[in-house]
Amino acid sequence: MTQVTLDVLHHATADEATRFFAETDAEALVEALRHTGDDELRALVGRDEIRLPAVRGVLSRLHEYADRDRLADLTGTVRIDLTRDDARLGHHLLRIGSGSITVEADVPATAASDVVLGTSVIGFVRLVSGQGNAALDYLAGRLHVEGDAALALAVGGLFTIPGTDEVAVDPTALDPVDVARALAGVSTEHLREVMSGGFRPVVLEEIFRRLPDFVNPRRSAKADLTVGFRLLGGPGAEPERYVVRVDHGACKVEPGDVGGDRDATITCEGYDFLRLATGHLSAVTGVLRGQLKVRGEKAKALQLASVLDIPKA
């Protein structure tokens with residue numbers, strides 16, 4: 001692989017930049033982006049001669065990195081809205097169908113699509129170069145998703161990062177500490193948005209799938225408890241239900257209402273549960289404030305929280 005730097009772009013014309021992004025080896029280009037700091041990137045994309053060719057060049061080559069089998073199964077339209085310093089810079093449309101991707105650059109802001117992805121130019125560059133994580137950016141409010149969130153996740157899973165076998169979006173690969181860090185300071189309004197859309201089932205499935213990994217062996221050794229969860233605020237009318245059983249160090253999670261006796265049932269909004277599961281809301285505070293409503297033995301519900309080592313930022 002020939003080593004490439006972005007130095008040539010500081011004084012390049014639009015035509016020269018267009019050729020650079022069209023002809024440079026993808027893996028070498030990604031490596032150059034990874035070695036370029038945000039300040040230098042910000043200076044580069046501040047030039048119209050660079051920003052437009054860069055965005056168009058990257059979008060036009062997306063098909064080179066798509067998994068053919070996944071691409072063949074996907075149909076939809078995606079509008080990408082890019083910003084810089086809170087100013088709109090352009091809207092670009094991806095049409096996916098029949099095993100191919102076509103790109104329409106600089107479409108109107110009103111262009112119809114199944115899903116809209118909004119991010120900064122720097123965020124976009126970091127995502128396509130494998131330095132960002134779309135799922136974390138979404139949780140943190142750096143990536144905005146409007147419309148079909150399931151399609152947004154599927155599109156992210158279409159592409160591999162040049163030079164690797166990693167897909168651009170893999171929610172199951174999220175590190176719990178990274179998630180806790182991403183949610184620090186995020187507004188309730190944004191969390192409500194996240195937990196009322198298509199990303200909600202992914203978040204809940206991952207939290208409950210990993211929950212047994214966070215049981216502290218010492219503190220749970222004598223625990224014997226069964227706690228149900230009713231999570232409100234989803235797209236459907238019925239709340240999601242899970243049952244967590246801790247039996248002397250062993251933990252089992254079952255989705256749905258499995259019936260049988262339980263010591264307590266916790267009812268809360270989905271966004272408050274996300275805070276609870278990432279260390280941004282303590283169980284005691286949640287109960288006292290009424291964010292966590294407990295039916296049954298409150299002591300057992302609080303004991304469950306006490307035997308878990310919740311990941312923290």
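Residues numbered from 1 in each chain as written. Predicted model: local features only at pLDDT ≥ 70, side-chain atom pairs only at ≥ 80, totals over all residues. Heavy atoms only, no water.

Re a nonpolar patch on the surface
- Together, V284, L288 and L302 make up a nonpolar patch on the protein surface, roughly 290 Å² of accessible area in all.
- Tracing the sequence through the fold places L288 in helix α14 (residues 283–289).
- We classify L288 as exposed; its relative accessible area is 71%. (Patch = residues over 30% accessible without salt bridge, like charges linked within 9 Å, V, L, I, M, F, W, Y side chains within 5 Å. Areas by Shrake-Rupley, 256 points an atom, 1.4 Å probe, with all protein chains shown as cover. Salt bridge = Lys/Arg side-chain N within 4 Å of Asp/Glu carboxyl O. Helix = DSSP H or I, 4+ residues; strand = E, 2+ residues; numbered from the N terminus. Buried < 20%, exposed > 50% of the residue type's maximum accessible area, 1.4 Å probe, protein only.)

Side note on the state of the cysteines
- Scanning all chains against the criterion turns up zero disulfides.
- Cysteine C251 is unpaired, with the sulfur of C268 as its nearest cysteine sulfur at 17 Å. (Disulfide = S-S within 2.5 Å.)

Some points on empty space enclosed by the protein
- Following the criterion strictly, the structure yields three cavities of 30 Å³ or more and no others.
- Here the second largest cavity is characterised by a volume of approximately 150 Å³.
- In terms of lining residues, the second largest cavity is bounded by 15 residues, among which F21, L33, V45, A54 and V125 are the most central.
- Elements with a contribution of two residues or more to the lining of the second largest cavity: α3 (38–45), α4 (48–60) and α6 (121–128).
- Taken together, the residues of the lining of the second largest cavity sort by class into 15 nonpolar, no polar and no charged. (1 Å grid on protein atoms, 1.4 Å probe; cavity = no way out; pocket = protein on both sides within 12 Å on 5 of 7 lines; lining within 4 Å. Points joined across faces, edges and corners; volume = space filled by probe spheres on them. Nonpolar A, V, L, I, M, F, W, Y, C, P; charged D, E, K, R; others polar.)

Focus: unusual backbone geometry
- A positive phi is found at S98, a non-glycine position, where the angle reads about 55°.
- For S98, the position within the fold is in the loop between β2 (87–97) and β3 (100–104).
- Residue S98 is classed as exposed on the basis of its relative accessible area, which comes to 80%.

Observations regarding the sheet that holds strand β6 (residues 224–232)
- Strand order in the open sheet formed by five strands is β8-β7-β6-β9-β10, and the pairing between neighbours is mixed. With partners counted over all chains shown, the strands left at the sheet margins are β8 (250–255) and β10 (293–296), one partner each. The mean angle between the axes of side-by-side strands here comes to 20°, regardless of whether they run parallel or antiparallel.
- In terms of strand pairing, β6 meets strand β9 (residues 264–269) through six bridges, oriented parallel. (Pairing = 2+ DSSP bridges. Axes fitted to C-alpha atoms, helices over the stretch in contact; angles between N-to-C directions.)

Concerning the packing of α3 against α6
- Two elements in contact, α3 and α6, have axes whose closest approach is 10 Å; the angle formed by their N-to-C orientations is 115°. Seen from above, α3 lies across α6 with right-handed handedness. Mapping the contact onto sequence places D38, L41, R42 and V45 in α3 and V121, I122, V125 and R126 in α6.
- Of the residues in the contact of α3 with α6, the class split is five nonpolar, no polar and three charged. (Left-handed = near helix turned anticlockwise from the far one by under 90°. Contact = heavy atoms within 4.5 Å.)

Quick notes on the environment of V186
- As for its placement among the helices and strands, V186 is situated in the loop between α9 (176–182) and α10 (188–194).
- Here V186 falls in the buried class, since its relative accessible area comes to 12%.
- Taking the C-alpha atoms as reference, V186 lies 28 Å from I161; in sequence the two are 25 residues apart.
- Other than its neighbours up to four places away in sequence, V186 contacts L139, A140, L191 and R275.

Considering the layout of surface pockets
- Considered as a void within the structure, the largest pocket measures approximately 620 Å³ in volume.
- For the largest pocket, the lining is made up of 37 residues, of which I207, L276, A277, T278 and I310 are closest to its centre.
- When contributions to the lining of the largest pocket are tallied by element, the ones reaching two or more residues are α9, α11 (200–210), α13 (270–277), α14 and α15 (298–306).
- Of the residues in the lining of the largest pocket, the class split is 30 nonpolar, three polar and four charged.

What to know about the packing of aromatic side chains
- Scanning all chains against the criterion turns up six aromatic pairs.
- Each ring, one from F229 and one from F273, has its centre 5.6 Å from the other, and the planes form 65°; the classification is edge-to-face. Pair noted here: F229 is in strand β6 and F273 is in helix α13, with a separation of 44 residues, a long-range link. Neither F229 nor F273 differs from the other in exposure class; each is buried.
- Following the ring pairs from residue to residue traces out a cluster consisting of F208, F229, Y242 and F273. (Phe/Tyr/Trp six-rings, centres within 6.5 Å; stacked < 30°, edge-to-face > 60°.)

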